[in-house]
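# Reading the structure
Listed here are the chains, written in short residue letters.
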Amino acid sequence: MIGHIDRLMLRLGEITLKGKNRGRFEKTIAEHVREVLRPYPQAKLQREYGRMYVDTGGVPAEQLIERLKNIFGIVDIIPIKHTEPELEAIIAAAVELVGEYDLQQETSFKVNARRVWKEFAHSSQDMNRLISSPVLRAYPLLKVDVRQPDIELRVEVREGIAYIYSQIIPAAGGFPRGSNGRAMLMLSGGIDSPVAGWHAMKRGLEIECVHFHSYPFTSERAKEKVIDLARVLSGYGGKVRLHVVPFTEIQTSFTTTRQDNLMITLMRRAMLRITTRLAEQQKALAIVTGESLGQVASQTLNSMNVIERATDLPVLRPLVMQDKDQIIETAQQIGTYELSILPYEDCCTLFVPRSPATNPNRRVVEKVEENLPLEEMIERAVQQTEVLDITPSMPLALSTTTTESNDSDWF
């Protein structure tokens, strides 16, 4: 229930706003809010210590909430009515707000008043009684329940203004965008890696995505699918840069080694090397993957150990201890699932051996790599990488009506 609301209160996370970083974090969140509000010039942001307010300017509150709730660092969004800090005005606003509920049956109710401005004539306890009495008279179906009310009417009296509200809408939480540095996300077309990217962004990482494209073995539709996934992620973090790496030459070269069981290990190590080069160019300090321990052959502990030795950068695995059901649930919540299950295969589903190694020998892997012109091929792939800047306003390239499952996600 959101009636006629002219202001939204944005509550910021206490953990992210402690200590010397508070001012920087608040500034980062404010910049992100202004960016999201740019299509709505009539909506204005106001800042206070530990809080922010958005005056809707006539824009429907639901429309703004849908955009603002994805901003990391905002814990919840509260649609509020505001009025003069006078008892009569507060009572009138409270009666109006409760009237926006469709009261068809007996409903429990409570007033929770807070006097922040100590010069206000009535104490918090007095306000609870003075406000609840006229509200109860106006709506006979209401009854008081101070422990577990159906409607909790909250009132804050501050100097020069009073806020009245009853709804608290959960938002993304986490750390503000980019507050913990930059990392490269290895983004495939599967379910896991976009979820890993979302978790990384929630912890304050600015991500740049790296996708490996093996044309003509993978279609242009597979590339468009990944662009769409990056667009969804950009809805949480603003503009997202996508690096599309041509991987055909490297991938086909591994088929000549006669080490079919090591194909996945070799591919993953090459991908990490390329991503490391791109990270150095972009001044990123880590690599994020969608690996979940034991989910597929390349994600056993032994395989991850051998693969990770190909880079000196930290490899962050937000999903490493999650099971598939948990990952799918998050994918559905953040809006990537329907795209991820579209049946356009990425390069990691190609040339998959019947019996991939789950316990690869590092010395054997390195010996195979020594017999290939791997450094030259990696350098060419880096030089030929296509760079795209993806924004939330970009239209989706693919339809999501197809629901054929594609669980493969090696990234």
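Shown above is the structure to which this text applies.
What you see is a predicted model, and the numbers here were worked out from it, not measured in a lab. (Residues numbered from 1 in each chain as written. Predicted model: local features only at pLDDT ≥ 70, side-chain atom pairs only at ≥ 80, totals over all residues. Heavy atoms only, no water.)

## A word on the packing of aromatic side chains
What counts here: Only Phe, Tyr and Trp rings are paired, with Trp represented by its six-membered ring, and only when their centres lie within 6.5 Å; those with planes under 30 degrees apart are stacked, over 60 edge-to-face, the remainder tilted. A run of H or I in DSSP becomes a helix once it reaches four residues, and a run of E becomes a strand once it reaches two; helices and strands are each numbered from the N terminus. Three exposure classes are used, based on accessible area relative to the maximum for each residue type with a 1.4 Å probe and protein chains only: buried under 20%, partly exposed in between, and exposed over 50%.
Tallying each qualifying case throughout the model produces 6 aromatic pairs. Both rings, one in Tyr-53 and one in Tyr-163, keep their centres 5.1 Å apart while their planes meet at 25°; by these two values the pair is stacked. Of the two residues, Tyr-53 sits in strand β3 (residues 51–55) while Tyr-163 sits in strand β8 (residues 161–165), which places them 110 residues apart along the sequence. Side by side, Tyr-53 and Tyr-163 carry an identical accessibility label, which is buried. Here the aromatic cluster, defined as three or more aromatic residues joined through ring pairs, consists of Phe-72, Trp-198 and Tyr-236.

## Here we look at the packing of helix α8 (residues 263–282) against helix α12 (residues 362–370)
Which entries qualify depends on this criterion: Axis lines are fitted to C-alpha atoms, over the contacting stretch for helices. Their N-to-C directions set the angle, which ranges from 0 to 180 degrees. For this classification, under 35 degrees means roughly parallel, over 145 means roughly antiparallel, 65 to 115 means roughly perpendicular, and everything else is oblique. Here a crossing is called left-handed whenever its near helix is offset anticlockwise from the far helix by less than a right angle, and right-handed whenever the offset is clockwise. Residue contacts are counted whenever heavy atoms from the two residues lie within 4.5 Å of one another.
Their axes nearest at 11 Å, the elements α8 and α12 cross at an angle of 70°. Judged by the angle between their axes, α8 and α12 are roughly perpendicular. The way α8 lies across α12 gives a crossing that is right-handed. Two secondary-structure elements touch here, α8 through Thr-265, Leu-266, Arg-269 and Arg-273 and α12 through Val-365, Glu-366, Val-368 and Glu-369.

## Notes on the sheet that holds strand β14 (residues 315–316)
Stated formally: Two strands make a pair as long as DSSP finds a minimum of two bridges between them.
The 6 strands are arranged β14-β13-β10-β11-β12-β15 in an open sheet whose pairing can be described as mixed. The open sheet has two edge strands, β14 and β15 (386–390), and neither has a second partner. As paired strands, strand β10 (residues 182–186) and strand β13 (residues 287–288) are joined by 2 bridges and run parallel to one another. Each residue of the ladder has a partner; that of Met-184, found in β13, is Ile-287.

## Topic: the packing of helix α1 (residues 22–37) against helix α2 (residues 61–68)
Keep this limit in mind: Put simply, Ala, Val, Leu, Ile, Met, Phe, Trp, Tyr, Cys and Pro go in the nonpolar bin, Asp, Glu, Lys and Arg in the charged bin, and everything else, Gly too, in the polar bin.
At their nearest, the axes of α1 and α2 sit 10 Å apart, and the two run at 130° to each other. Taken together, α1 and α2 sit at an angle that is classed as oblique. Like other packed secondary-structure pairs, α1 and α2 cross with a definite hand, here right-handed. For the pair formed by α1 and α2, the contact residues are Val-33, Val-36 and Leu-37 on the first element and Leu-64, Arg-67 and Leu-68 on the second. Tallied by class, the residues present in the contact of α1 with α2 amount to 5 nonpolar, no polar and 1 charged.

## Overview of α2
Each full turn of the α-helix corresponds to 3.6 residues, which orients residues three or four apart in the same direction. Rule in force here: This arc is taken over the directions from the axis of the helix to the C-beta atoms.
Considered for burial, the residues of α2 that qualify are Ala-61, Leu-64, Ile-65 and Leu-68. One side of α2 holds all its buried residues, which, seen down the axis, span an arc of 100°. Here the buried face of α2 lies against β1 (7–12), α1, β3, β4 (74–83) and β9 (169–170).

## Digging into unusual backbone geometry
One non-glycine residue with positive phi stands out, namely Arg-258, at about 60°. Among the structural elements, Arg-258 can be located in the loop between α7 (248–254) and α8. Non-glycine residue Lys-283 carries a positive phi angle of around 60°. Topologically, Lys-283 is positioned in the loop between α8 and β13. On the basis of relative accessibility, which here comes to 69%, the residue Lys-283 falls in the exposed class.

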